[in-house]
Amino acid sequence: MQDPLSHIEVLSTQELFKTALSANMSVIVGTAIVGAFFYQEAGSQLAYWIISMLIITCSRIIISKFYLIDQADDFKKLSQRFWRDIYITTSLIAGTLWGTLIFFITTDASPVTVSMFYIILASVMAGSITVLTVVLPAFYAYTTPVFLAIFAYSIMLNTKQTLYLAIASILYYAFIIGAGRLINKRFTQNFSLLLENDTLISKLHEQIIQKEFVEQKLINNQQQLEDTVELRTKELSDINETLIDEINERRRIESNLKHIAHHDALTNLPNRLLLDARLTHAIERAKREDLQVAVMFIDLDHFKNINDSLGHDIGDQLLVAISKRLLNCVREDDTVARLGGDEFIIIIEAVHDIGDLDALLKKIMKVTSQAITINNHELSISASIGISTYPDDGKNAELLMRNADAAMYHVKENGRHKYHFYTRDLTTAAYDHVILETELKHAIEEEQLLVYYQPQISLETKKIVGVEALVRWKHPDLGILPPNQFLYIAEKTNLINKIGKTVLTSACRQMVKWKQQGLPIETVAVNVAGNQIHHSDLVGTVKSVLQQTNCKTEWLELEITEDFILEKTTQAISTLQRLRDLGISLAIDDFGTGYSSLSYLKQLPVNKLKIDRSFVSDISNDMEDAALVQAIIAMGKSLKLKLIAEGVEHGSHEIFLKAHGCEYAQGYYYSEPVSAEDIEKMLVDKDEQRRKNLKLISKK
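Counting restarts for each chain: residues are numbered from 1 in the order of the written sequence. This being a predicted model, a pLDDT of at least 70 is required before a residue's local features are given, and a value of 80 or more before pairs of side-chain atoms are given or counted; all residues contribute to the totals for chains, interfaces and linings. The basis for the side-chain values is all heavy atoms of the structure; hydrogens and waters are excluded.

A. The overall build of the protein chain, seen in detail. Secondary structure elements are defined from DSSP: runs of H or I of at least 4 residues count as helices, runs of E of at least 2 residues count as strands, and each element is numbered from the N terminus. When its secondary structure is counted, the protein chain shows 27 helices and 16 strands. Only C-alpha atoms enter the radius of gyration, while the globule expectation follows 2.2 Å times N to the 0.38, with N the number of residues. Expected size for 700 residues packed as a compact globule is a radius of gyration near 27 Å; at 34 Å, the protein chain overshoots this value by more than 25%. With the principal axes as the frame, the protein chain shows a C-alpha extent of 105 × 85 × 45 Å. Here the contacts in the protein chain between residues at least 6 apart in sequence split such that 68% fall between residues at least 24 apart. A 1.4 Å probe and the Shrake-Rupley method give the accessible areas. Residues count as covered only by the protein chains that appear here. Total accessible area on the protein chain is roughly 37400 Å²; 55% of this is exposed by carbon and sulfur atoms. Averaging the coordinates of the 71 positive side-chain charges in the protein chain and doing the same for the 87 negative ones gives two points 6 Å apart. Note on contacts: a residue pair qualifies if any of its non-hydrogen atoms lie within 4.5 Å across the two residues. By the counting scheme adopted, Arg and Lys are positive, Glu and Asp are negative, and His together with the chain ends is not counted. Charge placement uses NZ in Lys and CZ in Arg. For Asp and Glu, CG and CD serve respectively.

B. Representation of the sheet that holds strand 2 (residues 335-340) in the model. Note on pairing: DSSP must find at least two bridges between two strands before they are called paired. Spatial ordering of the open sheet is given by 2-3-1-6-7, a layout of five strands whose pairing is mixed. Edge positions in the sheet fall to strand 2 and strand 7 (419-421), since each of these pairs with one other strand and no more. Along the sheet, successive strands turn relative to each other by an average axial angle of 20°, direction set aside. To get an axis, a line is fitted to the C-alpha atoms, and for a helix only the part in contact is used. The angle between two axes follows their N-to-C directions and goes from 0 to 180 degrees. Relative to the sheet, helix 12 (residues 312-329) contacts strand 1 (292-300), strand 2 and strand 3 (343-351), its axis offset from that of strand 3 by approximately 10°. On top of the sheet, helix 13 (residues 357-369) reaches strand 1, strand 3, strand 6 (383-390) and strand 7; it is set at about 150° to strand 7, its chief contact.

C. The arrangement of helix 11 (residues 303-310) in detail. Relative accessibility decides the category of a residue: with a 1.4 Å probe and only protein chains considered, values under 20% of the type maximum give buried, values over 50% give exposed, and everything between is partly exposed. Regarding helix 11, the residues found buried are F303, I306 and N307. Axial view of helix 11: buried residues confined to an arc of 95°, hence all on one face. Elements in contact with the buried residues of helix 11: strand 1, helix 12 and strand 5 (377-379). A positive phi of about 105° marks G311, the residue just after helix 11. Each C-beta atom gives one direction from the helix axis, and the arc is the one those directions make.

D. The arrangement of the packing of helix 5 (residues 111-127) against helix 7 (residues 136-157) in detail. Look at helix 5 against helix 7: their axes get within 9 Å of each other, and the N-to-C directions meet at 160°. Between helix 5 and helix 7, the crossing angle belongs to the class labelled roughly antiparallel. Classified by chirality, the crossing of helix 7 by helix 5 is left-handed. Residues V114, F117, Y118, L121, A122, V124 and M125 of helix 5 lie in contact with helix 7, whose contacting residues are F139, Y142, T143, V146, F147, A149, I150, Y153, S154 and L157. For this classification, Asp, Glu, Lys and Arg are treated as charged, while Ala, Val, Leu, Ile, Met, Phe, Trp, Tyr, Cys and Pro are nonpolar and the rest, including Gly, are polar. Its residues assigned to classes, the contact of helix 5 with helix 7 shows 15 nonpolar, two polar and no charged. Put simply, angles under 35 degrees are roughly parallel, angles over 145 are roughly antiparallel, angles from 65 to 115 are roughly perpendicular, and the rest are oblique. Should the near helix be turned counterclockwise from the far one by less than a right angle, the crossing is left-handed, whereas a clockwise turn marks it as right-handed.

E. Focus on the environment of L576. Locating L576 in the fold gives a position in helix 21 (residues 569-581). Along the chain, L576 and I588 lie twelve residues apart, while their C-alpha atoms are 11 Å from each other.

F. Quick look at the pairing of strand 8 (residues 449-458). For strand 8, a buried count of nine out of ten residues is recorded, marking the element as mostly surrounded by other parts of the structure. Relative to strand 9 (residues 464-475), strand 8 is paired through nine bridges, and the arrangement is antiparallel. Note that in strand 9 the partner of L449 across the bridge is W473.

Structure (structure tokens):
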């Protein structure tokens, strides 16, 4: 039986030869185009190059055909590895022939010819990503000679501009190689999943056969028992032994069914049914012995991200590993249970002093945050823990569970990765949440919502080119409330759709007013929540607001978070495409915090990437954040997307972003979100120095 790595190599080779025909046909077309374009420049000598390219390309097609024939014959002539090596060698020859174009393009050729030469070779390198990356040696063999030709030709031209092109070719080659390795990694992961699926199917087939065998055996035994009873009474002793065996088997099955009914199928921990029974028993014991009982409600932080990015199989293995670690933390008399998903409950019985729980809680926090390696993935996770105790926080199991849950959610809402003991204030906070929700409904009806605007600056001209619309709540008692104090309630209660429409209408109306005043604001950016795409007719709403306010589509930009696009793939892309068809600019907000791949990003009809403030804040001190921002900028430029960085708070941030090609920025370094009137003051101020230094504007 082949090991997984060998099997993956076989699948990679098969995939390589499957695509060989179409890939080499495209090379033939490319060769014809090159010949047509350069023939007048290079003369008849180019015919030798064209013939060589056609020979090697046709040879590769023929090799792929013979491979498929040999494959159908179970590789009796040559091994798969030998076929693979042949194709790698021909890839090297083909790449080298592409590189030999350098000998046909003189250094005094016209700029158009030189430009076309660079474009052709760069396209050859980029085009090989889609086919040859399935086998990296073939990819390297094909692209490296092409890169060397670009680099050598740039050196041969010996001008300042082409020296820059030589450096650019190195960066482009590094990008191509990086992209190729990334795509190869995706191929390898896909092949690994195929192998895992085959293994699971094989195991399932074996289990079905075994089950059928056991069922048939039971039928045969039963028939044999009936025949024996009827025909041979002298074998009663043997029959009795058989009956005893069957009774024992039934008892075992009943015991297993009882275990299954009271335990979680994945982790084998007690489920909710057994948990309630044990907690009730623990409370009764504590009542008799005048002791305390602690209930710990544990929820894993950001577990959904692991499930979404790596798959539920990895997530299930992680849950099993965490359950084992939790069991190692407690005593034999204590209970570790799983409620479902990523929620665990620990019952600590016979507690003499609540202070004694701190050491256990710190141990649990430590073991849950330690890295876990699963299928070559090193996973880091943490836990949020809420604790309630008997008798102070509840006299029955239901109340203790509810209060521990409330304490856990308090941790979730205040940064995660902590533990918190239940207090009566948490119940009060839940009540306040209901009151705030009611007041928010009135706020929408009574027009208490305000729209502030934060300038967006061109790093090239240092001028305001756009603004982002940000909602505020002018609460009659609490004053101006920022969005983080009420939007989470709006999202949970579907009030977000009404708020979104209110902000969109106000922003469009204000944009029309600014345009009428002749102010040089190009666009206003409005955030769109996930619910507005999933639970409302966003396209219809935008059309209606634009028509109502007379706002032009080119003045409006909509920002959608990266995470929501990934969660609602099909519907999100369809909705975004319809918005783009209207002529509206689209931006991905908080880019870098999700799990977008380059191939997936190319499917999205967006115009702009907005680099998240969490990366920008430390680019001056944190090399990893700096490298990540550079990578995002490079990727955005490769996809011809505009780039804007948010959270710019220091001059060093501005210098770094401008130096690495970011076009726009916004943040407190320029101005906090301010009223529309203050935006107008910034733009009509005649003091040139003040206009350049937006930080002198009074903050609100």
